Amino acid sequence: MKTLIVNQSAVAQLLPMRECIAVMEQTLTALARGDAVQPLRSVLRLPGDGNVLGMMPAYLAHPAAAGIKVITVFPGNQSAGYESHQGAVLLFEMQNGRLLSINDASAITAIRTSAVSAVATKLLARPDAGDLAILGSGTQAHGHLEAMLIARSIRRVRVWSRTLDHARAFAAHASRQHAIAVEVMETAQQAAAGADIICTVTAAREPILRGEWIAPGAHINAVGSSIRATRELDTRAVVQSRLFVDRRESTVNEAGDFLFPKQEGALGDEHIRGEIGEILAGRIAGRVASDEITLFKSLGLAVEDVASAHHIFLRAQERGLGDWVEFGGARDSAG
Ligand code: NDP
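Residues numbered from 1 in each chain as written. Predicted model: local features only at pLDDT ≥ 70, side-chain atom pairs only at ≥ 80, totals over all residues. Heavy atoms only, no water.

Enquirer: Looking at this model, I keep getting lost on the overall build of the protein. Mind explaining?
Expert: Looking only at helices and strands, the protein has 12 helices and 16 strands in total. In terms of its C-alpha atoms, the protein occupies a principal-axis envelope of roughly 70 × 40 × 40 Å. When the 335 residues of the protein are sorted by exposure, 53% land in the buried category. Sequence-distant contacts, at least 24 apart, represent 72% of the contacts inside the protein between residues at least 6 apart. Total accessible area on the protein is roughly 14,400 Å²; 51% of this is exposed by carbon and sulfur atoms. Distance from the positive charge centre (33 side chains) to the negative charge centre (35 side chains) of the protein: 2 Å. (Helix = DSSP H or I, 4+ residues; strand = E, 2+ residues; numbered from the N terminus. Buried < 20%, exposed > 50% of the residue type's maximum accessible area, 1.4 Å probe, protein only. Contact = heavy atoms within 4.5 Å. Areas by Shrake-Rupley, 256 points an atom, 1.4 Å probe, with all protein chains shown as cover. Lys, Arg positive; Asp, Glu negative; His and termini not counted. Charge placed at Lys NZ, Arg CZ, Asp CG, Glu CD.)

Enquirer: Looking at this structure, how should I read the packing of aromatic side chains?
Expert: In this description, an aromatic ring pair is defined by two values, namely the gap between the centres and the angle between the planes. Within the structure shown, the criterion is met by 1 aromatic pair. An angle of 75° between the planes, with centres 6.1 Å apart, marks the rings of Phe313 and Trp324 as edge-to-face. Here the residue Phe313 occupies a position in helix H12 (residues 302–319), and Trp324 occupies one in strand S16 (residues 323–326), the gap between them amounting to 11 residues. For Phe313, a relative accessible area of 10% translates into the label buried. Given a relative accessible area of 42%, Trp324 falls into the partly exposed group. (Phe/Tyr/Trp six-rings, centres within 6.5 Å; stacked < 30°, edge-to-face > 60°.)

Enquirer: It is not clear to me how the domain arrangement of the protein should be interpreted in this structure. Could you clarify?
Expert: Once the domains are mapped, the protein shows domain 1 (2–109 + 302–326) and domain 2 (127–297). Each of domain 1 and domain 2 has a C-alpha centre, and these two points are 24 Å apart. Each side of the interface is counted separately: domain 1 has 18 residues, and domain 2 has 22 residues. Overall, the association of domain 1 and domain 2 removes approximately 1,800 Å² of surface from exposure, summing both partners, and the carbon and sulfur fraction of that is 53%. On the domain 1 side of the contact with domain 2, Met17, Ala32 and Leu40 bury the most area, a combined 29% of that side's loss. For the pair domain 1 and domain 2, the number of links is 2 salt bridges. The tally of links between domain 1 and domain 2 comes to 5 residue pairs in polar contact (both at pLDDT 80 or more). (Domains from an automatic or database assignment. Buried area = accessible area lost by both parts, 1.4 Å probe. Salt bridge = Lys/Arg side-chain N within 4 Å of Asp/Glu carboxyl O. Polar contact = N/O pair within 3.5 Å; in protein donor to acceptor, adjacent residues only side chain to side chain.)

Enquirer: Got a minute to help me understand the layout of surface pockets in this structure?
Expert: Gaps between atoms show up when a probe of the same size as a water molecule is rolled over them. By volume, the second largest pocket is sized at about 370 Å³. As for the second largest pocket, its lining consists of 18 residues, and the residues nearest its centre are Ala110, Ile111, Thr139, His142 and Gly143. Contributions of two or more residues to the lining of the second largest pocket are made by helix H1 (8–14), helix H4 (105–124), helix H5 (139–151) and helix H6 (164–178). Of the residues in the lining of the second largest pocket, the class split is 7 nonpolar, 9 polar and 2 charged. Inspection of the lining of the second largest pocket shows a minimum of three residues originating in each of domain 1 (2–109 + 302–326) and domain 2 (127–297). (1 Å grid on protein atoms, 1.4 Å probe; cavity = no way out; pocket = protein on both sides within 12 Å on 5 of 7 lines; lining within 4 Å. Points joined across faces, edges and corners; volume = space filled by probe spheres on them. Nonpolar A, V, L, I, M, F, W, Y, C, P; charged D, E, K, R; others polar.)

Enquirer: Before we go on, may I ask you to explain H6 in this structure?
Expert: Turn by turn, an α-helix covers 3.6 residues, leaving residues three or four places apart pointing in a common direction. Taking 1.5 Å per residue, 15 residues should reach 21 Å; H6 reaches 21 Å between its end C-alpha atoms and fits that length. Of all the positions in H6, only Ala167, Phe170, Ala171 and Ala174 are classed as buried. Along H6, the residues classed as buried sweep out an arc of 100° about the axis, all on the same side. Opposite the packed face of H6, turned more than 90 degrees from it, sit the exposed residues Asp165 and Arg176. Packed against the buried residues of H6 are strand S8 (131–135), H5, strand S9 (156–160) and strand S10 (182–184). Positive backbone phi, at 50°, marks Ala179, one or two positions downstream of H6. (Expected span 1.5 Å × (residues − 1). Arc of directions from axis to C-beta.)

Enquirer: Sorry, what's going on with the site of the ligand here?
Expert: In the vicinity of the ligand lie 25 residues, with Gln140, Ser161, Thr163, His166 and Gly224 positioned nearest. The separation between an oxygen atom of the ligand and a polar side-chain atom of Thr163 is 2.7 Å. A distance of 3.4 Å separates an oxygen atom of the ligand from a polar backbone atom of Leu299. When the free accessible area of the ligand is taken as 930 Å², the share hidden by the protein chains comes to 88%. (Near = heavy atom within 4 Å.)

Enquirer: How should the packing of helix H2 (residues 17–33) against H12 be read in this particular structure?
Expert: Between two packed helices, what matters for the description is the angle formed by their axes and the separation of those axes. Where H2 meets H12, the closest approach of the two axes is 10 Å, and the angle between their N-to-C directions is 130°. Of the possible angle classes, the one that applies to H2 and H12 is oblique. The handedness of the crossing between H2 and H12 is right-handed. Contact residues: H2 offers Glu19, Cys20, Val23, Met24, Thr27, Leu28 and Leu31, while H12 offers Val303, Glu304, Ala307, Ser308, His311 and Arg315. Each residue belonging to the contact of H2 with H12 can be placed in one class, and the counts come to 7 nonpolar, 3 polar and 3 charged. (Axes fitted to C-alpha atoms, helices over the stretch in contact; angles between N-to-C directions. Parallel < 35°, antiparallel > 145°, perpendicular 65-115°, else oblique. Left-handed = near helix turned anticlockwise from the far one by under 90°.)

Enquirer: Can you help me understand a nonpolar patch on the surface in this one?
Expert: The grouping of Val37, Tyr59 and Met94 at the surface amounts to a nonpolar patch, some 250 Å² of accessible area in total. Turning to its location among the elements, Met94 is positioned in the loop between strand S6 (85–92) and strand S7 (99–104). (Patch = residues over 30% accessible without salt bridge, like charges linked within 9 Å, V, L, I, M, F, W, Y side chains within 5 Å.)

Enquirer: Would you take a moment to explain empty space enclosed by the protein for this structure?
Expert: Enumeration over the complete set of coordinates arrives at 2 cavities of 30 Å³ or more. In terms of lining, the largest cavity is formed by Gln38, Pro39, Leu40, Arg41, Met56, Pro57, Ser250, Glu254, Leu299, Gly300, Leu301 and Ala302. Every element with two or more residues in the lining of the largest cavity is listed here: strand S4 (52–60) and helix H9 (248–254). Here the second largest cavity defines a volume of roughly 30 Å³. The wall of the second largest cavity is formed by Leu233, Val238, Leu243, Asp257, Phe258, Leu295 and Lys297. Of all the secondary structure elements, the ones that give two or more residues to the lining of the second largest cavity are helix H10 (256–263) and strand S15 (294–297). Broken down by class, the residue content of the lining of the second largest cavity amounts to 5 nonpolar, no polar and 2 charged.

Here's what the structure looks like:
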């Protein structure tokens, strides 16, 4: 039996952002319809400041596939020159449970997270939203710029990052890559002021975006905090927004951006208007007024990783990419 190994550069070739956005739309709709099974992720704390090992399994009915992402998150990796997220997405087929592929999880996570934010932005940002602020300058910042350029006609891009030189490097690289001027701001407030779309993509533990800075009619993708102990948004930013999430169950268990305001008594579970998949399935409305602030709280879901791995597996066979290795599964007939 053979298993396909798909490395970082092959994932990037086989999961272009536009295709991933379409796959995420289908996947989030399927999740909302109950065509997927996804337990809460399990997170093992490791020695070191904020280091964890996460295990994220999921089953999809259409296409029939199961899988798991096994990933370490080492927030300090940036200075060491490694991605902060490292690991693999394993994809299994559903007839005999064979392991079909092992995929680079850094690349899948980078692309699918940005693609999901694009789905949310297409649904929730004002149609004329063209002024983009990115808070953060790492892997997710790059992916989110690419995704936002697809989701809306972006006219202006501002970036802020904790380390000014990182914001400058991001702006230089992104301006070249996308042929759009990226302005570097010295404060998050300067970046967010008047923006139509704000993406928070930092590993901050305390709020870096305050409600009072956010213009009426803005849409926010809050992506950087995926655990209950950290948040990027202050309480006011969440309370004043119409809140949509990737998954309710995950939000009430894992989202510091939601749980800190809840612990303060500023909001309850009813503040969650619904899941992105519920909007896609036509069950709930998205934006209902041009001056309201919409907020998408992203935590990242295993179904997104498994659906990405499935898409990659199909494309890899069409294009002859990836490396096949002999890998278990067959009974030893001589035995
Ligand atoms: P990178 O390591 O590439 O970048 C980290 C970014 O966070 C940098 O811009 C850095 O700023 C900034 N940062 C780090 N610490 C702080 C702080 N204390 N205050 C303000 N900014 C800070 O990480 P990624 O881009 O891969 O990931 C960004 C965040 O998104 C992480 O927290 C990650 O866990 C989360 N994530 C969420 C996903 C989801 O599905 N919702 C999926 C993947 C990642 P600088 O370099 O300027 O110091």
